[in-house]
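Summary of structural features
These are the residues of each chain, in order.
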Amino acid sequence: MSTDGEVVVSVRSVVAGYADEDVLHGVSLNVPSGKVVAVIGPNGSGKSTLLKAIYGLLHPRQGSVMFRDRSGATHELTGLRPHAVTRLGINFVPQLANVFPDLSVRENLEVGAFVHAGRFHEHLERVLLTFPALGTMLSARAATLSGGQRQMLGIARALISDPQVLILDEPSAGLAPSVVDTVFATIKSINASGVSILMVEQKARQCLSMSDYGYVLDMGENRIAGTGEQLLHDPEVIQLYLGNRGRLGEAVLRLRREFVT
Ligand SMILES: Nc1ncnc2c1ncn2[C@@H]1O[C@H](COP(=O)(O)OP(=O)(O)OP(=O)(O)O)[C@@H](O)[C@H]1O
Ligand SMILES: [Mg+2]
């Protein structure tokens, strides 16, 4: 797929998995500078595995993940550990467990600011401009926050490192619809401030409509790619991933996962 703008993250033919089993069978993807890129696809298709492979939580067996930093230097990320990836300019908000529940809001942000030794306050002030509500609850334990507030803290914890690229795994998961709108609006405003976004979402329609580019992943392979707009109107995407059948299929899979396992 051709993407305008300079590419900041380039994933090429990545093969990765757990133990002996491959989950990704040669996945490729580009994140152009300053854009929002969405990854959608059925449960278990390897979306989270792809994000983990980019962020160094999982080391690909084959393929490459290149990152171009603000100075224009390129870095091969495969083999790096997450903290090293964060230092280079990429941060990650995982699907679950994206805050430390026993730490206060302020302590969570201090942990997130590890790359800015001694300059926590200036970065705290910057992040509180995006998340003013967190400023009123700095001493609250993260465990006492609502789901939406926790998600905001998870994003703020990543944003305080001042990343060039922010990677989010299902930021809307488990949130009430009105809170989902707020979270998506926040991600948009972070993007508007110049941060490139790579985001996995189950709320495919909502996510694609705010994305410049989208990728459909299925069974660990690239299935379809295009602009957000193209995917929203692609008959195959509509039938398999956005239509009623797609939604029902997802719901059945989710129920099975919750009640059978
Ligand atoms: N830690 C792990 N160890 C072993 N297998 C795993 C592990 N995590 C995920 N898998 C397997 O890898 C496959 C892809 O999982 P992954 O979490 O990447 O999918 P996903 O597309 O993010 O799904 P979802 O939409 O449910 O979040 C699944 O078959 C899953 O069971
Ligand atoms: Mg996932």
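Presented here is a report on the structure given in the accompanying data block. (Residues numbered from 1 in each chain as written. Chains lettered and ligands numbered in written order. Predicted model: local features only at pLDDT ≥ 70, side-chain atom pairs only at ≥ 80, totals over all residues. Heavy atoms only, no water.)

Describing the overall build of the protein chain
The line we're drawing: The secondary structure listing takes helices from DSSP runs of H or I that are at least 4 residues long and strands from runs of E that are at least 2 residues long, numbered from the N terminus. We compute the radius of gyration over the C-alpha atoms and compare it with the globule rule, which gives 2.2 Å times the number of residues raised to the power 0.38. Using the Shrake-Rupley algorithm and a 1.4 Å probe, accessible areas are obtained, with residue cover drawn only from the displayed protein chains.
When helices and strands are tallied, the protein chain shows 11 helices and 10 strands. Computed over C-alpha atoms, the radius of gyration of the protein chain comes to 18 Å, within 12% of the 18 Å expected from 2.2 N^0.38 for 261 residues, which places it in the range of a compact globule. Judged by the C-alpha coordinates and their principal axes, the protein chain covers about 50 × 45 × 35 Å. Carbon and sulfur atoms form 53% of the exposed surface of the protein chain, whose accessible area is close to 12,200 Å².

Re the coordination of the magnesium ion (ligand 2)
Which entries qualify depends on this criterion: In this description, a donor is an N, O or S atom within 2.8 Å of the metal centre, a cutoff extended to 3.2 Å for sodium, potassium and calcium. Water is not part of the atom list, which can make sites seem incomplete. Exposure categories follow from relative accessible area, calculated using a 1.4 Å probe and restricted to protein chains: below 20% of the type maximum is buried, above 50% is exposed, and the middle band is partly exposed.
The protein atoms donating to the magnesium ion (ligand 2) are Ser-48 (OG) and Gln-95 (OE1), with metal-donor distances spanning 2.0 to 2.5 Å. Of this pair, Ser-48 sits in helix α1 (residues 47-55) while Gln-95 sits in the loop between β6 (90-93) and α3 (105-112), placing them 47 residues apart in sequence. What makes Gln-95 partly exposed here is its relative accessible area of 29%.

Observations regarding unusual backbone geometry
The phi dihedral of Ala-19 is positive, around 50 degrees, even though this residue is not glycine. Structurally, Ala-19 is set in the loop between β1 (7-18) and β2 (21-32). With a phi angle near 45 degrees, Met-219 is a residue other than glycine that sits in the positive phi range. Position of Met-219 relative to the elements: it lies in the loop between β9 (213-218) and β10 (221-227). Residue classification places Met-219 among the exposed residues on the basis of a relative accessible area of 67%.

Side note on the packing of helix α6 (residues 147-159) against helix α7 (residues 177-192)
Stated precisely, the cut-off is as follows: Axis lines are fitted to C-alpha atoms, over the contacting stretch for helices. Their N-to-C directions set the angle, which ranges from 0 to 180 degrees. Reported orientations rely on four angle classes, namely roughly parallel under 35 degrees, roughly antiparallel over 145, roughly perpendicular from 65 to 115, and oblique for the rest. Crossing handedness is defined as follows: a turn of the near helix away from the far one that is anticlockwise and smaller than a right angle gives a left-handed crossing, while the clockwise case is right-handed. Here a residue-residue contact requires only that any non-hydrogen atoms of the pair lie within 4.5 Å. Three classes are used, and their members are as follows: Ala, Val, Leu, Ile, Met, Phe, Trp, Tyr, Cys and Pro are nonpolar, Asp, Glu, Lys and Arg are charged, and the others, Gly among them, are polar.
Taken N-terminus to C-terminus, the directions of α6 and α7 make an angle of 15 degrees; their axes are 10 Å apart at the nearest point. Taken together, α6 and α7 sit at an angle that is classed as roughly parallel. Relative to α7, the crossing made by α6 is right-handed. Where α6 abuts α7, its residues Gly-148, Gln-151, Met-152, Ile-155 and Leu-159 lie against Val-179, Thr-182, Val-183, Thr-186, Ile-187 and Ile-190. Per-class residue counts for the contact of α6 with α7 are seven nonpolar, four polar and no charged.

Observations regarding the nonpolar core
Put simply, the rule reads: Throughout, nonpolar core names a set of buried Ala, Val, Leu, Ile, Met, Phe, Trp, Tyr and Cys residues whose side chains join them through atoms within 4.5 Å.
By size, the foremost hydrophobic cluster in this structure holds 47 residues, and its most contacted members are Leu-109, Phe-131, Ile-155, Leu-166, Ile-187 and Ile-197. Counting residues per element, this core draws most heavily on α6, which supplies six residues. When neighbours within four sequence positions are excluded, Ile-187 is seen to be in contact with Ile-155, Leu-168, Pro-171, Ile-197, Met-199 and Met-210. Judged by nonpolar contacts, the second largest core, of 30 residues, contains Val-14, Leu-51, Val-65 and Ile-90.

With respect to α7
For an α-helix, 3.6 residues make a turn, and residues three or four places apart therefore share a direction. Going by this rule: Every helix has an expected span of 1.5 Å times one less than the residues it contains. When we speak of the arc, we mean the arc of directions from the helix axis to the C-beta atoms.
Over its 16 residues, α7 extends 23 Å from the first C-alpha to the last, a length consistent with the 22 Å expected when each residue adds 1.5 Å. Among all positions of α7, only Val-180, Val-183, Phe-184, Thr-186, Ile-187, Ile-190 and Asn-191 are buried. Angular distribution of buried residues about the axis of α7 spans 155 degrees; they occupy a single face of the element. Opposite the packed face of α7, turned more than 90 degrees from it, sit the exposed residues Ser-178 and Ala-192.

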